[in-house]
Amino acid sequence: SDDLDQIDMAHATYWGEWKSKLEEEKRMADQARMLKNVLPDIDTSRFLSGDANYIKKVVFSFVDSVKLERKHILKEAVKIAENYGLQRTEVLLRFLGCALVSEYWDNDDILNEIAEFRDDIVKSAKGVIDMIYSDVYPEIDGYNKQRLSYIFGILSACHSYLKRTSKIELTYQEHVHTHKLELFQYYKVLEEECKKVCFIDGLNYKNIAGLDNLNFDHFNEEVCKNIHASTVSALADMVQALVSMYVDLQANGLVSRQGVYKHYVLGMLASLEGRNEARSNSTDCEKLLAVLCEIELNYDSCKEYIQTLPATDISYIIGRYYTLCFPCNLARSQPQEPSWKEPLCMLITLWIKLVDDIPRQPTDASSYERTGYLDSNRLTHCMSAFRQLLINNEITVHQGWDAISMFVQVGFNSEIIMDTSHFCRAMILSGCGFKTVVEVYHGGQENLESVNADSRNPLDLLELYGASTDGCLSDLIEGSCESQALLHKLLSSLSQSVGEHADSLEMIRSGVWGKLIAFSENMQLGSQLRVYALQLMQCITGRNLKSLPNEIVSQVEPWESWYEPGASDSLADEGSTPSCSITASLVALRSNQMVTAVLPDASITPENLSSLDSAVSCFLHLSERASSVESVAVLEAVLEEWEQLFSSPKEEYVQPQDSPKEASDWSDGWDDGWEALPEELENPAQKQDGASTLSVHPLHSCWMEIIRKLAGLGELQKIIELLDRASSKHSRLLEDEEAHRLLELLSAAPNCFMALKIMLLLPYEAPQLQCLQTVEAKIREGTASTSSTADDHELLPLVLSSGALQKIAGEEGYSKLFSHTCHLVGQLARSFQSDLCAHWEAESKMNQKSLLFAKVLLPCFISELVLKGQYLLAGFIVSRWMHTPASLGLVDVVEPGLRRYLEGQVAQAQAQQQVGESDASFAEDELSISRTMSSLRLKFVSLLQAALVALPSQEP
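Just so it is clear, the model here is predicted, and its values are computed rather than measured.

1. Comments concerning the overall build of the chain
Right, on to step 1. When helices and strands are tallied, the chain shows 45 helices and zero strands.
Right, on to step 2. The buried share of the chain, taken over its 956 residues, is 48%.

So this is what it looks like as structure tokens:
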């Protein structure tokens, strides 16, 4: 029985062990099957054998798979870890790190996956922080701001837990820049700010902040390159929040909220400036209006940012907007058309809007100086007044653009924008009238709050005009090309007299006049500059303008009702007594410049010109040293310069060619009054008597000396040109006695016709007759060379204009001279017809002198013959001119042909007068006796009219 019991016990033990083994094998098989389901590629035997390293490797590899695919395996992984001896937190931290660096997990997925294990993770705060520092943060892309903000949130929670549980926080390497917050606060700020800027795709937040500190090396660059219209506010708020974590000294290198705004505004400005520069060469009125609208919209969009900046930055930016409103091409040529008024008014309105946004600076009454006080409100009122004057047409469009252009050229800063003197100076140098300058300047001063400021204090404007004048004169000395034009405009701004501000105008005029006097008397300056200053002063007085350069006369307006300081009479009133000291000084200076070129030792002072006697004595002394044609030409120019000092106002130069229509106003009913001849044609002698009533030129002895010198040098042609120029003056260049002496001087001339021309240019009958007789005698003797005058374009006009033809035509005593004159007409006629044929054949340019003969000289010659009663000769010449066939009876066609010719000339002249043209006028300048030709043309129509009247009436 004992054996059986032992056997039964053995059987029971065996089967018990067998059963336990089977159950263990079943359990292991179940575990292996479960592991295979979760981890299909593992070696279950090693895993189940308890190989710790292998188990850790397999589990971590399993957890790492979530980097490449979003799988919810955390529970299985934690369970496997717990079943096979791994730390639960190790798996949790491994999963969290892998999920955070995976692009397949978003923040909510991670949060949902770890929700069941949140407490375990929090309790492992130190491990989480270490894991993020070492494994997670380096792998996160800085542009993935959603994940970075989540990481910063985890770090903040972990450090907050460590802070609450009184556990020692982690310490890290010290940085140069240390924020003033604790770590959990620091990460909380990073989390919140990172979330706010998640929409900025181009922002790399790692360049903004790191785990321990802000990224000071790349912070500013990263912020600035992402500033756009849609991001500027968010970035400014982010910068403000991040920079505020540091004390001012530590954050000194970081961009501020204002810096973000400034960078954005300057970027917008640069973009606008670039577009404006690209289209600057094609700016027109409508385009400028569009540009100004664009600038205003841009400014409105930036205004809220600009107003947050410091005052200096605001002034700088508004100055850039000021300049931007003014296209650079308009600075080169200001428009003048009325259509440009609208954009100019719009520009000024925009400027006023900009100035209004400049922060007001309180004015200290105790620090008031006449032009030194600053208040942007003053400039607003000045510009408003300027705009109203422009609208009322008291300031022209050209002056307005010119003033704005000059104001822009000054440049902009806080002081210039708020100091109205710069704006008013621009008005002055653009030629705006004194009245408008006063209104604009006072318009700003009336709004000055200083109790000591007098809005009507004229000393302010005196200083302003004085400083502007000094600036122009200084630039003039330095050779500035623009200074002359600016000075001309400044002087013109004072030209009109004003009633309300007459005293101020007089005081300012005196101040400017005094500066010009001091400039002209500065012996350290070159004579050219001093002459220029005297010319300006002479132009201001309105006297002797004909002697001044056209540039000055056309640009500088004389001052109305101006009294030169120290003078008893108004300089505007022309007197017949010697000229003022200004003109004398000017003439002396200019004369010195001319004379010293040929006579280096010569000197002419204002005292030499103080009286007529002293001037004549000085000139005769100079002429003694003149021995060449060049020196005589200089003395002639000097003498012409002196004429303005000693000529009466009636002796001013007259240009007859400017008004031929007025001089022969017969087109309205020109056939009325033909019964009587014009007075000057009816009695030629009376014309000579009229000439004898002219006064003798005050400097006639000097002119005689010039003519004597030219005759001695054999320059008879220059004498002719000189006398022709003098013929336009209302005085006789020489006395009768001097004319006789000149004839005696010319009697030895080899060419008697040259002497005749000279005598015909003088208004004395006796020397003319004597010369005519001499020429007639020489022709009869055969000693006069007529071949030299065969094609003379000067002799015929002089014979016609002087009335000599009336003396010699048909007179037996002058038959040879008259025959020579007729022969000359024939030669000129043949020359014209040859030129005409050549013109038709080769289509070449017509000879202008020949054209002048056909259009003026020949009709005048025919008319003079008719008036002398030489009808047959006149008709014969016309028939030859018109190529009348010989088969026609000459007598039968002479009178009708002559009449038809004269009527045709009258009709042609009338047609030319109606359209204001003349076929022959352009040829006069080619002749040395152009003024003689002009006077001949003045009586051309009346001469033809008289000839028609003198023709015998046709019998029915």
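2. Examining unusual backbone geometry
Excluding glycine, residues mostly have negative phi values, and the peptide bonds linking residues are mostly trans.
Right, on to step 1. Residues other than glycine seldom take positive phi values, yet Asn393 does so here, at roughly 65°.
Right, on to step 2. Owing to a relative accessible area of 54%, Asn393 belongs among the exposed residues under this scheme.
Right, on to step 3. At Ser561, a position not held by glycine, the phi torsion is positive, near 50°.

3. Notes on the pattern of salt bridges
Side chains that differ in sign of charge can pair as their charged atoms come close.
Right, on to step 1. Enumeration according to the criterion identifies 27 salt bridges in this entry.
Right, on to step 2. Here Lys353 and Glu296 are joined by a salt bridge, their closest N and O atoms 3.1 Å apart. In this pair, Lys353 is assigned in helix α16 (residues 341-356) and Glu296 in helix α14 (residues 285-306), connecting sequence segments 57 residues apart.
Right, on to step 3. The class for Lys353 is partly exposed, based on a relative accessible area of 25%.
Right, on to step 4. Asp470 is paired through a salt bridge with Lys515; the nearest N and O atoms lie 3.2 Å apart. Of this pair, Asp470 sits in helix α22 (residues 458-477) while Lys515 sits in helix α24 (residues 502-520), placing them 45 residues apart in sequence.
Right, on to step 5. Residue class for Lys515 comes out partly exposed when judged on its relative accessible area of 27%.
Right, on to step 6. Here the salt bridges share partners, and the residues they tie into one network are Lys188, Glu191 and Lys195.

4. Quick notes on the packing of aromatic side chains
Right, on to step 1. For the structure on display, the rule yields 21 aromatic pairs.
Right, on to step 2. The interplanar angle of 50° and the centroid separation of 5.9 Å between the aromatic rings of Phe326 and Trp401 together place this pair among those described as tilted. Within this pair, whereas Phe326 is found in the loop between α15 (311-325) and α16, its partner Trp401 is found in helix α18 (residues 397-410), the two being separated by 75 residues in sequence.
Right, on to step 3. The exposure class assigned to Phe326 is buried, which follows from its relative accessible area of 5%.
Right, on to step 4. In this structure Trp401 comes out as buried when scored by relative accessible area, which is 0%.
Right, on to step 5. Ring geometry for Trp513 versus Trp562: centroids 5.5 Å apart, planes at 55°, classification tilted. Here Trp513, found in helix α24, pairs with Trp562, found in the loop between α26 (550-555) and α27 (581-598); they are 49 residues apart in sequence, far enough to count as distant.
Right, on to step 6. Among the residues examined, Trp562 registers a relative accessible area of 1% and is labelled buried.
Right, on to step 7. Ring pairing ties together the aromatic residues Tyr322, Trp351, Phe386, Phe407 and Phe423, which thus form one cluster.
Right, on to step 8. One Lys or Arg, Lys206, reaches over the ring of Tyr137 and ends 4.6 Å from the middle of that ring.

5. A short note on the packing of helix α5 (residues 88-101) against helix α6 (residues 107-114)
Right, on to step 1. Where α5 contacts α6, the two axes come as close as 10 Å, and the packing angle between them is 165°. Taken as axis vectors, α5 and α6 run roughly antiparallel relative to one another. The interaxial crossing formed by α5 with α6 has right-handed handedness. Where α5 abuts α6, its residues Phe95, Leu96, Ala99 and Leu100 lie against Ile110, Glu113 and Ile114.
Right, on to step 2. For the contact of α5 with α6, a count of residues per class yields six nonpolar, no polar and one charged.

6. Observations concerning the nonpolar core
Right, on to step 1. Counting residues in each nonpolar core, the largest one holds 171 residues, and the members touching the most others are Tyr205, Leu242, Trp351, Ile404 and Leu491.
Right, on to step 2. With sequence-adjacent residues up to four places away left out, Ile404 is seen in contact with Phe326, Leu344, Leu347, Ile348, Trp351, Phe386 and Phe423.

7. Considerations on a nonpolar patch on the surface
Right, on to step 1. A cluster of nonpolar side chains, Tyr14, Trp15, Trp18 and Leu22, forms an exposed patch at the surface whose accessible area comes to about 450 Å².
Right, on to step 2. Structurally, Tyr14 can be placed in helix α1 (residues 2-38).

8. With respect to the packing of α24 against helix α25 (residues 527-541)
To describe two helices that pack against each other, one gives the angle between their axes and the distance between the axes.
Right, on to step 1. Between α24 and α25, whose axes approach to 8 Å, the crossing angle comes to 150°. Relative to α25, the element α24 lies roughly antiparallel. Relative to α25, the crossing made by α24 is left-handed. In this structure, α24 contributes Trp513, Leu516, Ile517, Phe519 and Ser520 to the contact, and α25 contributes Leu529, Arg530, Ala533, Leu534, Met537, Ile540 and Thr541.
Right, on to step 2. Split by residue class, the contact of α24 with α25 holds nine nonpolar, two polar and one charged.

9. Details of a negative patch on the surface
Right, on to step 1. Negative charge collects at one region of the surface, where Asp2, Asp3, Asp5 and Asp8 lie side by side.
Right, on to step 2. For Asp5, the position within the fold is in helix α1.
Right, on to step 3. We classify Asp5 as partly exposed; its relative accessible area is 44%.

10. Describing helix α37 (residues 765-781)
Right, on to step 1. The terminal C-alpha atoms of α37, which comprises 17 residues, lie 24 Å apart, in line with the 24 Å expected from a rise of 1.5 Å per residue.
Right, on to step 2. Listed in full, the buried residues belonging to α37 are Pro767, Gln768, Cys771, Leu772, Val775, Glu776 and Ile779.
Right, on to step 3. Trailing α37 by a residue or two, Gly782 shows a phi angle of about 85°, which is positive.

11. With respect to the confidence of the model for the chain
Right, on to step 1. In this model, the chain carries a mean pLDDT of 80, and residues with pLDDT of at least 70 account for 78%.
Right, on to step 2. Segment residues 567-579: pLDDT under 50, and 21 contacts once partners within four positions in sequence are set aside and those in other chains are kept.
Right, on to step 3. Low pLDDT (under 50) marks residues 650-691, which in the prediction has 63 contacts with non-local residues, meaning those over four places away or in another chain.

12. Quick notes on the environment of Tyr299
Right, on to step 1. Within the secondary structure layout, Tyr299 lies in helix α14.
Right, on to step 2. Residue Tyr299 is classed as buried on the basis of its relative accessible area of 0%.
Right, on to step 3. The spatial distance from the C-alpha of Tyr299 to the C-alpha of Leu269 is 8.9 Å, given a sequence separation of 30 residues.
Right, on to step 4. Not counting chain neighbours up to four residues away, the residues in contact with Tyr299 comprise Ile306, Gln307, Ile318, Tyr321, Leu354 and Asp357.

13. Things to note about the environment of Gly127
Right, on to step 1. Inspection of the secondary structure assignment puts Gly127 in helix α8 (residues 125-136).
Right, on to step 2. Owing to a relative accessible area of 26%, Gly127 belongs among the partly exposed residues under this scheme.
Right, on to step 3. Taking the C-alpha atoms as reference points, Gly127 and Glu90, 37 residues apart in sequence, are found 8.8 Å from one another.

14. Observations regarding the environment of His793
Right, on to step 1. Within the secondary structure layout, His793 lies in the loop between α37 and α38 (795-802).
Right, on to step 2. According to the relative accessible area criterion, His793 is buried, its value standing at 15%.
Right, on to step 3. Along the chain, His793 and Ile929 lie 136 residues apart, while their C-alpha atoms are 9.5 Å from each other.
Right, on to step 4. Apart from the residues lying within four places of it in its own chain, the contact partners of His793 are Leu828, Lys849, Ser850 and Leu927.

15. With respect to the state of the cysteines
Right, on to step 1. Inspection of every chain in the model, using the stated rule, returns zero disulfides.
Right, on to step 2. With no disulfide of its own, Cys771 has Cys752 as its nearest cysteine by sulfur position, at a separation of 7.6 Å.

Cut-off values and rules
Residues numbered from 1 in each chain as written. Predicted model: local features only at pLDDT ≥ 70, side-chain atom pairs only at ≥ 80, totals over all residues. Heavy atoms only, no water. Helix = DSSP H or I, 4+ residues; strand = E, 2+ residues; numbered from the N terminus. Buried < 20%, exposed > 50% of the residue type's maximum accessible area, 1.4 Å probe, protein only. Salt bridge = Lys/Arg side-chain N within 4 Å of Asp/Glu carboxyl O. Phe/Tyr/Trp six-rings, centres within 6.5 Å; stacked < 30°, edge-to-face > 60°. Lys NZ or Arg CZ within 6 Å of the ring centre and 35° of its normal. Axes fitted to C-alpha atoms, helices over the stretch in contact; angles between N-to-C directions. Parallel < 35°, antiparallel > 145°, perpendicular 65-115°, else oblique. Left-handed = near helix turned anticlockwise from the far one by under 90°. Contact = heavy atoms within 4.5 Å. Nonpolar A, V, L, I, M, F, W, Y, C, P; charged D, E, K, R; others polar. Core = buried A, V, L, I, M, F, W, Y, C linked by side-chain atoms within 4.5 Å. Patch = residues over 30% accessible without salt bridge, like charges linked within 9 Å, V, L, I, M, F, W, Y side chains within 5 Å. Areas by Shrake-Rupley, 256 points an atom, 1.4 Å probe, with all protein chains shown as cover. Lys, Arg positive; Asp, Glu negative; His and termini not counted. Charge placed at Lys NZ, Arg CZ, Asp CG, Glu CD. Expected span 1.5 Å × (residues − 1). pLDDT = per-residue confidence, 0-100. Disulfide = S-S within 2.5 Å.

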